[in-house]
Each structure stands twice: as structure tokens, then as C-alpha cells.
Number of protein chains: 2
Amino acid sequence: MEKNVGILAMEIYFPPTFVQQEALEAHDGASKGKYTIGLGQDCLAFCTEVEDVISMSLTVVTSLLEKYKIDPKQIGRLEVGSETVIDKSKSIKTFLMQIFEKCGNTDIEGVDSTNACYGGTAALFNCVNWVESSSWDGRYGIVVCTDSAVYAEGPARPTGGAAAIAMLIGPDAPIAFESKLRGSHMSHVYDFYKPNLASEYPVVDGKLSQTCYLFALDTCYKYFCHKYEKLEGKQFSLSDADYFVFHSPYNKLVQKSFARLLFNDFMRNASSVDDIAKEKLGPFSSLTGDESYQSRDLEKASQQVSKPLYDVKVQPTTLIPKQVGNMYTASLYAAFASLLHYKNSELAGKRVLLFSYGSGLTATLFSLRLHEGQHPFSLSNIATVMDVAGKLKSRHEFPPEKFVETMKHMEHRYGANDFVTSKDCSLLSPGTYYLTEVDSKYRRFYAKKDGKCAASENGSVVNGY
Amino acid sequence: MEKNVGILAMEIYFPPTFVQQEALEAHDGASKGKYTIGLGQDCLAFCTEVEDVISMSLTVVTSLLEKYKIDPKQIGRLEVGSETVIDKSKSIKTFLMQIFEKCGNTDIEGVDSTNACYGGTAALFNCVNWVESSSWDGRYGIVVCTDSAVYAEGPARPTGGAAAIAMLIGPDAPIAFESKLRGSHMSHVYDFYKPNLASEYPVVDGKLSQTCYLFALDTCYKYFCHKYEKLEGKQFSLSDADYFVFHSPYNKLVQKSFARLLFNDFMRNASSVDDIAKEKLGPFSSLTGDESYQSRDLEKASQQVSKPLYDVKVQPTTLIPKQVGNMYTASLYAAFASLLHYKNSELAGKRVLLFSYGSGLTATLFSLRLHEGQHPFSLSNIATVMDVAGKLKSRHEFPPEKFVETMKHMEHRYGANDFVTSKDCSLLSPGTYYLTEVDSKYRRFYAKKDGKCAASENGSVVNGY
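Quick caveat, the model's predicted, so the values are computed rather than measured.

Colleague: Residue-level account of the overall build of chain A, with values.
Modeller: A count of helical and extended segments in chain A gives 15 helices and 20 strands. For a compact globule of 465 residues, the expected C-alpha radius of gyration is about 23 Å, and chain A comes in at 22 Å, within 12% of that figure. Taking the principal axes of the C-alpha coordinates as reference, chain A spans close to 65 × 55 × 40 Å. Looking at chain A as a whole, 66% of its 465 residues qualify as buried. Here the contacts in chain A between residues at least 6 apart in sequence split such that 72% fall between residues at least 24 apart. For chain A, the accessible surface area stands at approximately 15,800 Å², while carbon and sulfur atoms represent 50% of it. For chain A, the separation between the mean place of its 49 positive charges and that of its 54 negative charges on side chains is 2 Å.

Colleague: Report on the relation of the copies chain A and chain B, specifying residues and quantitative values.
Modeller: Between the two copies of this chain, the relationship is a rotation about some axis together with a displacement along it. Least-squares fitting of chain A to chain B yields an RMSD of 0.0 Å, with the transformation described by 0.0 Å of translation along the axis and a rotation of 180 degrees. Here the copies are linked by what is in effect a two-fold axis. A high fraction, 100%, of the interface residues of chain A reappear at the interface in chain B, so the copies pair face to face through one surface.

Colleague: I'd like to hear about the sheet that holds strand 2 (residues 17-20) of chain A, residue by residue, with values.
Modeller: Pairing between the strands of a sheet comes from backbone hydrogen bonds, and it takes one of two forms, parallel or antiparallel. Residues and elements named next belong to chain A. Taken in spatial order, the 3 strands of this open sheet run 3-2-16, and their pairing is mixed. Two strands in the sheet have a free side with no partner beyond their single neighbour: strand 3 (43-45) and strand 16 (396-397). As defined by bridge partners, strand 2 adjoins strand 3 across 3 bridges and the pair is classed as antiparallel. Its bridge partner being in strand 3, F18 is matched across the sheet by A45. Across the face of the sheet, helix 1 (residues 21-28) comes into contact with strand 2 and strand 3 while running at roughly 60 degrees to strand 2.

Colleague: Quick one: what's the story with the packing of helix 6 (residues 206-232) of chain B against helix 7 (residues 251-267) of chain B, residue by residue and with numbers?
Modeller: All names here are of chain B. Put simply, helix 6 and helix 7 touch, their axes get as near as 10 Å, and they point 40 degrees apart. Between helix 6 and helix 7, the crossing angle belongs to the class labelled oblique. The two elements helix 6 and helix 7 meet at a crossing, and its hand is right-handed. Counting all contacts with helix 6, which are made through Q210, Y213, L214, L217, D218 and Y221, the residues of helix 7 involved are L253, K256, S257, R260, L261, N264 and D265. Broken down by class, the residue content of the contact of helix 6 with helix 7 amounts to 6 nonpolar, 3 polar and 4 charged.

Colleague: Requested: an account of the interface of chain A and chain B, with residues and values cited.
Modeller: When the parts of a complex come together, some accessible area is lost, and that lost area is often used as the size of the interface. Facing 76 residues of chain A, the contacting portion of chain B comprises 76 residues. A per-residue breakdown of the area chain A buries against chain B is headed by K88(A), H188(A) and Y190(A), which together make up 13% of the total. The partner of R182(A) in a salt bridge is E109(B), with the nearest N and O atoms 3.0 Å apart. One can count 55 residue pairs in polar contact (both at pLDDT 80 or more) joining chain A with chain B. Counting only elements with at least two residues in the side of chain A that touches chain B, the list comes to helix 4 (92-101), strand 5 (112-114), helix 5 (119-132), strand 8 (175-186), strand 9 (192-193) and helix 6 (206-232) of chain A. A class-by-class count of the residues in the side of chain A that touches chain B yields 28 nonpolar, 29 polar and 19 charged. As paired strands, strand 5 of chain A and strand 5 (residues 112-114) of chain B are joined by 3 bridges and run antiparallel to one another.

Colleague: An account of helix 3 (residues 53-67) of chain A is needed here, citing residue identities and associated values.
Modeller: Since the α-helix packs 3.6 residues into each turn, any two residues three or four apart lie on the same face. Residue and element names in this part refer to chain A. The terminal C-alpha atoms of helix 3, which comprises 15 residues, lie 21 Å apart, in line with the 21 Å expected from a rise of 1.5 Å per residue. Across the 15 residues that make up helix 3, a large majority, 13, are buried. Structurally, the start of helix 3 carries an N-cap: the backbone nitrogen of I54 is 2.9 Å from a side-chain oxygen of D52.

Colleague: Could you give me a rundown of the pairing of strand 2 of chain A, with the residues and numbers involved?
Modeller: Of the strand pairs in this sheet, strand 2 of chain A and strand 16 of chain A are connected by 2 bridges, and their pairing is parallel. Bridge pairing links T17(A) to H396(A) in strand 16 of chain A.

Colleague: Residues and numbers for the sheet that holds strand 3 (residues 43-45) of chain B, please.
Modeller: All names here are of chain B. As summarised here, the arrangement of the 3 strands in space is 3-2-16, forming an open sheet in which the pairing is mixed. The sheet is open, and its two edges are formed by strand 3 and strand 16 (396-397), each paired on a single side. Strand contacts of helix 1 (residues 21-28): strand 2 (17-20) and strand 3, with the helix running at about 60 degrees to strand 2, the strand carrying the most contacts.

Colleague: Would you mind going over the packing of aromatic side chains in detail, with residue names and values included?
Modeller: Within this structure, the stated rule accounts for 43 aromatic pairs over all chains. Geometrically, the ring pair formed by F125(B) and F366(B) is edge-to-face, given 5.0 Å between the ring centres and 85 degrees between the ring planes. Here F125(B) is found in helix 5 (residues 119-132), whereas its partner F366(B) is found in strand 13 (residues 362-370), with 241 residues between them in sequence. F125(B) sits in the buried class, given a relative accessible area of 2%. Given the relative accessible area of 1%, F366(B) is considered buried. An aromatic cluster of three or more residues is present, and its members are Y221(A), F224(A), Y228(A) and F236(A). Lying over the aromatic face of Y190(B), K90(A) brings its terminal NZ or CZ to 5.1 Å of the ring centre. When the ring centre of F95(B) is taken as reference, the NZ or CZ atom of K90(B) above it lies at 4.6 Å.

Colleague: Run through the environment of Y223(A), naming residues and quoting values.
Modeller: Structurally, Y223(A) can be placed in helix 6. When its relative accessible area of 18% is taken as the criterion, Y223(A) is described as buried. The spatial distance from the C-alpha of Y223(A) to the C-alpha of S184(A) is 7.2 Å, given a sequence separation of 39 residues. Residue contacts for Y223(A): discarding those within four places in its chain leaves G183(A), S184(A), G104(B), T106(B) and D107(B). Of the polar contacts made by the side chain of Y223(A), one reaches the side chain of T106(B); its length is 3.1 Å.

Colleague: Kindly report on the pattern of salt bridges, identifying the contributing residues and their values.
Modeller: Side chains that differ in charge, positive against negative, can pair when their charged atoms come close. With the rule as written, the count across this model stands at 41 salt bridges over all chains. Salt-bridge contacts for D137(A) lead to R139(A); the nearest nitrogen and oxygen are separated by 3.0 Å. Judged by its relative accessible area of 36%, D137(A) falls in the partly exposed class. Overall, the relative accessible area of 18% leaves R139(A) in the buried class. One salt bridge in this structure joins E11(B) and K67(B), with 2.9 Å as the shortest N-O distance. Remark: K67(B) occurs in helix 3 (residues 53-67) and E11(B) occurs in strand 1 (residues 6-13); sequence separation between them is 56 residues. Classification of E11(B) as buried rests on a relative accessible area of 2%. Taken together, the salt bridges that share partners define one network made up of R77(A), E79(A), E109(A) and R182(B).

Calculation rules
- Residues numbered from 1 in each chain as written.
- Chains lettered and ligands numbered in written order.
- Predicted model: local features only at pLDDT ≥ 70, side-chain atom pairs only at ≥ 80, totals over all residues.
- Heavy atoms only, no water.
- Helix = DSSP H or I, 4+ residues; strand = E, 2+ residues; numbered from the N terminus.
- Rg over C-alpha atoms; globule rule 2.2 N^0.38 Å.
- Buried < 20%, exposed > 50% of the residue type's maximum accessible area, 1.4 Å probe, protein only.
- Contact = heavy atoms within 4.5 Å.
- Areas by Shrake-Rupley, 256 points an atom, 1.4 Å probe, with all protein chains shown as cover.
- Lys, Arg positive; Asp, Glu negative; His and termini not counted.
- Charge placed at Lys NZ, Arg CZ, Asp CG, Glu CD.
- Least-squares fit on C-alpha atoms with pLDDT ≥ 70 in both.
- Pairing = 2+ DSSP bridges.
- Axes fitted to C-alpha atoms, helices over the stretch in contact; angles between N-to-C directions.
- Parallel < 35°, antiparallel > 145°, perpendicular 65-115°, else oblique.
- Left-handed = near helix turned anticlockwise from the far one by under 90°.
- Nonpolar A, V, L, I, M, F, W, Y, C, P; charged D, E, K, R; others polar.
- Buried area = accessible area lost by both parts, 1.4 Å probe.
- Salt bridge = Lys/Arg side-chain N within 4 Å of Asp/Glu carboxyl O.
- Polar contact = N/O pair within 3.5 Å; in protein donor to acceptor, adjacent residues only side chain to side chain.
- Expected span 1.5 Å × (residues − 1).
- Phe/Tyr/Trp six-rings, centres within 6.5 Å; stacked < 30°, edge-to-face > 60°.
- Lys NZ or Arg CZ within 6 Å of the ring centre and 35° of its normal.

As far as function goes, none of this settles anything; it's purely spatial.
Next up, the structure:
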């Protein structure tokens, strides 16, 4: 079996259009700090009418292939995780086949994986398993996470965001899976779902979803520790991993989650918990599970106790989720990309734990072991290619009024046919795909921005059949 | 790596309610034989208001576990292929977790795979790869294909159907994958898709879809033969497989498909093609690819030439698809189940080729090698458990008027909330799940029919969260 199967290369794309959470707060008449401190968010990126999950994934896959100089013929598997449904039958993967068909490569396995924000993780596991299986044919796999998170006007709206991430999968990877270290928790709940088929907006029970998230985290951690102990013959604790990356709907939940893991270590009598922590958490040791999810005092105490460790093991993972917002399937991997951005080659030899959560619900805590790797598949080159700082810097801030207006416009566009877009790609970087038209038969047409582009059509048109 | 990974056990479920194609033909004012000979179909099964893809999958998974005496704790992976979207975010897999949660097993990987009728095949490949990968934990996987195929009034309506299939996956299987023998063709086309989100009905270009299907078959066969020849050092031809199973939207296309494979063998100068066939197909050897898909004469000649071989190698796979209709993701596996039903232990040692097609499009031709296996995971026991004859016999025929009325009623129900169903499970067999209510928050509630059941509620209620 192939060794060190995992992520060889990564690319990230997020729309250049964003709104400041501070400005949105004021616009919405929310109390000061509600979005910036209460949610812990800085900015929110969103698609305008020329971008969607298909254009973003066309952009990110093309960029991945170009920047790492991968011949499209070398791809043997391509799969997508998304919960942004544009078509209920035709997968996003088939749209991406346009890139490969023109090179004569149509023998590419994989489709779309779906369950809320977890679809990308499912796709990633599937792709890694493929490389380790007898059906692997020696070529690379690509996993794409692409989502546009939009909410109806109201308290959930500031937790939106949008992005696409592409990951190249193969053996001898700098970002390798420790596949035996994995705990999942899957359950039937209605915390966040999309039963209103004509609307892009979900039905959300925010409070329930937070409890489900934390309960899933606890359960996954329990299974994970159990497997680690069976395999390694010793107890697992927070000190056995260097970084913790969480699915990040909003940063405050990430803070709570890490605090919750420390509370778990405390309850398990893990050696990692020092005396001060023990003293501060002692009063909560007799809470029932349910009580512990509701207790504000515990939340406060555990966040306080875990703060120093959070700053070291979690803080470096929070940049993109705070700047871009919730990216659903891409969210966890954008957090991981933030870590690569800050630490790149320093990460060699480190173990990173990732917690993936999708409402409904499906959740997994899993482990990666990092190595420097060899150019172009090295930690430092991945950080260079992703150019997170450059991408964040070249964005265009929209005032809240224009954001709200865009959301309203997009509501009408969702599921619609027979329209052309403005084709205005002036805010997009060269190489970015954009939507030009949806015809009367709902067929979608995209173009790629070649170079400098005004508000008129400019770019090579990618035709549907 | 584990050996002979594949399908250990199977169960199939289809609604007991059906309409005769002959009666539908007359009702629709279609010319006599249009559905029965033109499409090659006998009957069409459909869900009434108490059944849907979730209830069918609850039924089939429960039955699989019970009939093969599998402890739900022995399941480590569960995944679903479907294109019938009831919720755009919450996977069908999470609904099925109800079965496992009550046994305390929530550590079960896998979500839903989607691309038209191909999602089940993607799920199956993923599950087999999981067993062969380092992330396998020694437990079984389950793959579920569940779909309800319904069409707007018009020429596509008689190609509807409904069913769910569950397959148990593990090593040392009587139905083992030859994973190196596999050819895929994936491409961006709009032959059949579901962009109208509020409607359950697809947008279909029937003529285009048939050409896409046959072109995908040709391409997959080309890749398949190429891989076989590389691996085995000799040419592959139809004589190297004992049975051919096709995704079956309607039987006529299956006939055309097998004829097309024979035409491929003829064009490749395969040894399997005799002199009579060569003579009859000779006049078509100079057609371009495009011409060959349009030529009625070629279609007729190749079907005539392939008829004797079709009767032996394909006919035994056609029972359920002809009796139930198109089952989308379940269709290919229902065809395979038909073969097990007719031939069961005779299949030991045989090679079976399967062609999976999902519009949009994704397609794979792959190979299975069968062994008798050991009870309960034996070919003969699988046939006994599925009891295809018994299930077909105990169905209830609806007149076309009642079928049309049901379709109309279901149109209003699709995507609706805040209603209770009739809870009439009188036509369902004991052990069948049925829908009782969708509340104002779109949460769905199901019950299981215990024993004899009148038009009143009867059964243990399965609650959502």
C-alpha cells in the first residue's frame, strides 16, 4: 500500500468582494461588537451575480493545475464537496470536466459528496482511500470544496461567506493522513437544513446547532482518544497534537470548541491539565452532559483556562475564516490553509488535528502528520502558491447597503433561467471564471477573465454542451 | 490489503403500488406497443404519499440487517447514492442513522454521493476502497441506492419507477470487484438535469441523453479493453464476460447498448465476432461516430446480430427494471439483482460486467467476479433473501387514473411542510417504514408497520430530533 497518502498541494479562492462586520453591525442596528466580538468575525466575502460555486471551482482547479504545473491528463479522480445546490442531479464535478475534456482526459472517477459542511471531508477521505486501494491507477486525485453561504436577513446573515479550495491528493505527501486516528459521530438531527428547495437560504436553529456541534466534538474526541490509546498504548491529550483546526462557522465557536476539548481532558484526568486548570474547572465536574452545554460559567472558565494554549495551537488557524466568513465545506480547509500561511515549513514533523462538522449531522475528528516535502509539493511552496496575504489585500470592500442589495438580487437569481449577467469582471483577478448567462433551458455559461477587463464581456467563453 | 472485497449481501425494496405499461399506453392515447415494445417496459412502480426515498431506505437497511443477522454495531460505514433531493443539505444517510443510534453506534463514516443515476456506483466504489484502505477498521460497510423517478406528464412519464437497494460491503465477498478492470467517461453535458429546484421533475432531452449514454458506453468500453489488454496481455471481447448488466432507464436502451458493444467488437476486429455478424455489420464500418449513433439501419442490424448473445448474457438481468421501471441509482443494481434471482449459485466463477450511467454525465464500466461464498453471504442465500418473485407477486396494481391522480398529489407534496399523510399502510408489507407527517419546520416523521395495518395509524413512530 502507498505510504503517506494525503495532500500534495492546495489552492484557495474567495470572492474579492466583501463587507466589514463592523460596518454590517452598525447597518443592521446590532449592538456594537455583536458580530466582531460576539461572533468573533472580521469580514464576510460574498459572490456577486457573476460568481457562484461553479465559477469558483473552475477558477481554483485551473489555478491549482497551472501553479503546480500538473498536466490535466495526470488526474485520475476529481470530486467535489458542496452544499450549495444549483442543480439537484447534475454534479459540480461534471462542470469541472470541461477543464479535462479539452485535454482529452475523461477517464476521471468521482462525483459530489453532500452533507452540509462535511461534504468536502467525505470527498477527501474518499480520495485518500482511492489512492490506497487496488483501484488506484497511479494518477493524482483532486478534491474541491466550494460553497456560498448566504442567510436570510436576520441574526444568521453575518455568518455567511464564500470560497473554493482545491487539494491535490497522492502518495508521499507533505500533509499525510494518520488514517487510524479518526473518530466520527453521525446522527439524525434538524439543526441546520435546506428543505425549502426554491430558496437558497437554510432553516437554522442556531442554539441547537451549537449544542450539536459541541456534543459531536465531545463524542468524536472520545472515539479518537479511545483509538489512539488502543494503538499507542497510552492516553491521548491536547499535548499530543501541535495544532487544532476546527470547522469555523464563526470564530467564537472555535474558541468554545477548543475550551471544550480542554474540559474533556480535565474530565478524563489527562496529564495535560495543570493544577490551576483543575482548580478552575473543579466546580463543573459534577454537571451532567446537558447541563455542561448550557452552563455559561463553564464556558467562561474553560475559555479562560484554555486561552494560552488556544493562542499557540488554534489562533494561527483562524485568519481566513475570520476574514472571509463561513465557507461551509471549504471552511475547515481554509482554517488549515491559514495555518500553512503562518507557519509553513515550521510545520514539518507536526501533528495537526482537524474537526469537520456538517449539520444534520456528520462529524469527524482526524489527524494529519506534516512533512516538509519536495518542491513543488512542499509546505513552503503550498504557502507561496496560496498567497493568502496577497489575496486578502487585493479585495474590494463593499458598503453594507450594497451587500444587502446584492443579496436581494441573488435571491431572485437563485434557480432562475433565461438571463444574462452584467459580465462585469472588473473586480476579479485575471484567470477568474465568471457567469455570463443562464439560458432558457437553464444551461449555464461561464467565461474566464483573460487580462484587464472592463464592465464589458472579456474572456474566452466556456460553453456547455 | 484485504482480498475479494465486494458485496457480501443485498436486499431490495420497491413500492407495492404499480401501474401496467399496457394500461398506461391506452390511457395516454399512445399507439399500442409504444411503452411495452417501444420502451420495452412491463410495469412502473411508484411511491404513494406514504412512501419516499427516506422511508424506502429505512425499510431496506433494516431488512438487510435483520435478514442477514447483522448487529448494527458491526457497521463502520454507511453511504447513500440518490438523486431524489428532499433536503439540499441534510443527507439521507443522517436519516438512516436513526437505526444505528438506538444501538449506540454513531461512529459510522460516509455521506451521500450525487450525480444523477450514478451516485450509487460512486458510493459503492468509495465503500470498497474504504475496506481496502488503511482507514478501514474491520467493520462492514453499507451502500444504499434509493430513488423515486417521476416525470411530468408527457413522453418521459412512462420511464418512471422507484426502489431502494442496500448492499453489505466487506472482504471475502461472493461478489468481488476486479478493481483494475474499470473504464470511466465523465463529461459536461445537459442531457437530463434538475435545475428547477421547486419541482421534482427533471429537464430531459431524451434524444441527446440516449446518444450520450451510447457514446459513454463506447468510451468506457474502449478504456476498459485497453486496461484489460495491458493487464492480461490479450484482447478483450464480449466472450470474456459471462453477463452484461446495464443501467436501465428502459429496456429498449439496454438492447441497443448490448448491440452497440457487439458493434464495437466488430470495429475492433475482435475474435468473438463471427462471419455472419461481419457480413451484416460490414456496410456500417465506414460510418463516422456521429453517423453511427443516428443510423437506424445499424441499430436494427446490430440488434439482430446480437440477439442470440443478448438472450444468454443480458436477458436474465432485465426482470426487475422491466417490472419496476427506472430506479435511477438503484436501477443498475436491480438489474444485477435480477441476474442473482435467476441464476444464483450458477454464477460461481463467472465474470459480470456492469455499466453505470448518470446524466450530466458520469459513467463507468466495471467488472465483478462471482464466487459461491459462505452462508449467509452466499449467492444462493442472497437470492433467497431478496425474494424477488415473492415481492413482485405481492404487489397491487393501480389503474392509470389513480396513478395520474397520485402523481398530481405528489406534485403538491414535493417540498411542502405542515401536513400529515393518510398513514394508510394497508398495502405495505409488515416491516415497511412510511411517512406520517411533515411538520411546520419541515421535519419528517416516519413509522414502521408492525403487522396487520388498516387505514389508521399503526406502527412504532420514529421521531426526528
